[in-house]
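Observations on chain architecture
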Amino acid sequence: MNSIDFIIISYNRPADTLELLENIIALDHASTMINQLILVNNASTEDYTGVKNFAATTTTIPIRYIDSSENLGVTGGRNLALQYAQADILVFLDDDCVLQHSNTLTLIQNSFATIGPDNRETAIVSFKVLYYSTMEMQINGLPHKKIRNYKDREQFYTYYFAGGAHAVKRKVVEATGPLPVEFFYGMEEYDLSYRILDQGYCIKYDASIVMLHKESPQGRKPKEVKLRMMWVNKCKVAWRYLPKVFFYSTAVMWSLQYLKETGFQMSHFFWGWKDVCKIPSTEKRRPVSKSTLSYLKGVEARLWY
């Protein structure tokens, strides 16, 4: 039986974080299947005394509480937590969620037992994400861009994963390296995914494992700076791992997406293009293999943007 570590990066959500810790500890077989909970307080400005006390007094499962002296972003916070990971399987969750089913731990272990296309070992399992308030599917949590074709499937193999609702084998992360720390916000999942796929593994979506996300169905509209980060980071991923044509198409299509999402706010538009134009001279290319491109084609990956 594989052991499981949970990794949670929290920022300004002490009440939600405490509820999540209680939710995890109440799962079936938690005391025997969970090795530890790793919680990083990402330099929050809210009072986390209640969370700290809970971590210190809980005896059924070890909770490692880590105070970061600065906001490391999503990738930096997760990389910090990874330094303390010990279990075979690592579960990453957003801090504003709970897990729906009491048998989640067993479902996670069983999901990793399957073999993917071309005899690829399953490295990551991405969970189904529902809105906590409505129980409707959170579409941007589905790890595929052909939403109409894939949203009702119980399982499928794919090319990226939901960053705040997934499990990964620790040996895979150790072999491929940490999340890209320069990606302060957005697209780090794609960077890690391409590296993992190029090691001969596969990524799976499993709708039986459900995370209930407390984000509003209306969503949190990204600010201009976050959209610029997503645009630039996606271009970096395309340049690093894909044929060059996909870098150029990604640059153009994401610039249009930026304008659409911001209502043609130009404050970061030219800054974004400046950063994108630097990529060919500052980023090293390490394109994926032909077998990985074949896998991407087989799972109908969207590579153009």
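Fair warning: this is a prediction, and the values are worked out from it, not measured in the lab.

Thresholds applied
Residues numbered from 1 in each chain as written. Predicted model: local features only at pLDDT ≥ 70, side-chain atom pairs only at ≥ 80, totals over all residues. Heavy atoms only, no water. Helix = DSSP H or I, 4+ residues; strand = E, 2+ residues; numbered from the N terminus. Lys, Arg positive; Asp, Glu negative; His and termini not counted. Charge placed at Lys NZ, Arg CZ, Asp CG, Glu CD. Salt bridge = Lys/Arg side-chain N within 4 Å of Asp/Glu carboxyl O. Buried < 20%, exposed > 50% of the residue type's maximum accessible area, 1.4 Å probe, protein only. Polar contact = N/O pair within 3.5 Å; in protein donor to acceptor, adjacent residues only side chain to side chain. Contact = heavy atoms within 4.5 Å. Pairing = 2+ DSSP bridges. Right-handed = clockwise from strand over helix to strand, strands pointing away. Core = buried A, V, L, I, M, F, W, Y, C linked by side-chain atoms within 4.5 Å. Patch = residues over 30% accessible without salt bridge, like charges linked within 9 Å, V, L, I, M, F, W, Y side chains within 5 Å. Areas by Shrake-Rupley, 256 points an atom, 1.4 Å probe, with all protein chains shown as cover.

Moving on: the overall build of the chain. Secondary structure summary: the chain contains 12 helices and nine strands in total. Its C-alpha atoms put the chain at 55 × 45 × 35 Å along the principal axes. Charged side chains of the chain number 35 positive and 31 negative; the gap between the two group centres comes to 9 Å.

Side chains carrying opposite charge are able to pair once their charged atoms draw close together. Scanning all chains against the criterion turns up 16 salt bridges. A salt bridge links Lys52 to Asp67; the nearest nitrogen and oxygen atoms lie 3.2 Å apart. Of this pair, Lys52 sits in helix α3 (residues 49-57) while Asp67 sits in strand β3 (residues 63-67), and the two are 15 residues apart along the sequence. The class of Lys52 is partly exposed, set by a relative accessible area of 37%.

Here we come to the side chain of His268. Of note, His268 is situated in the loop between α10 (244-262) and α11 (269-282). Polar side-chain contacts of His268 include one of 3.0 Å to the side chain of Arg228. Not counting residues within four places of it along the chain, the set of residues in contact with His268 comprises Glu224, Val225, Arg228, Trp231 and Tyr258.

With seven of eight residues buried, strand β2 (residues 34-41) lies mostly within the body of the structure. In the sheet, β2 pairs with β3 via five bridges, with the strands oriented parallel. Looking across to β3, one finds that Val40 is bridged to Ile66. Once the chain exits β2 it traverses α3 before rejoining the sheet at β3, and the crossover so formed is right-handed.

Within the secondary structure layout, Pro287 lies in the loop between α11 and α12 (290-298). Relative accessible area serves as the criterion here: at 43%, Pro287 is assigned to the partly exposed category. Taking the C-alpha atoms as reference points, Pro287 and Asp118, separated by 169 residues in sequence, lie 20 Å from one another. Among residues more than four places away in sequence, those in contact with Pro287 are Asp198, Arg240 and Tyr241.

The next thing to look at is the nonpolar core. For soluble globular proteins, the rule of thumb is that nonpolar side chains tend to be buried together. In this structure, Ile7, Tyr159, Tyr194 and Leu296 are the most contacted members of the largest nonpolar core, which totals 55 residues. Top contributing element to this core by residue count: helix α9 (residues 224-241), with nine residues. Setting aside anything within four residues of it in sequence, one finds Ile7 in contact with Ile38, Ala81, Leu82, Leu90, Val91, Phe92 and Leu93. Judged by nonpolar contacts, the second largest core, of 36 residues, contains Val51, Leu93, Ile108 and Ala162.

Let us look at a nonpolar patch on the surface. Taken together, the side chains of Val245, Val252, Met253, Leu256, Trp304 and Tyr305 make up a nonpolar region of the molecular surface, amounting to roughly 540 Å² of accessible area. Position of Val245 among the secondary structure elements: in helix α10. Using a relative accessible area of 42% as the deciding quantity, one classes Val245 as partly exposed.

So, to be careful, I would describe these as geometric facts and stop short of saying anything about function.
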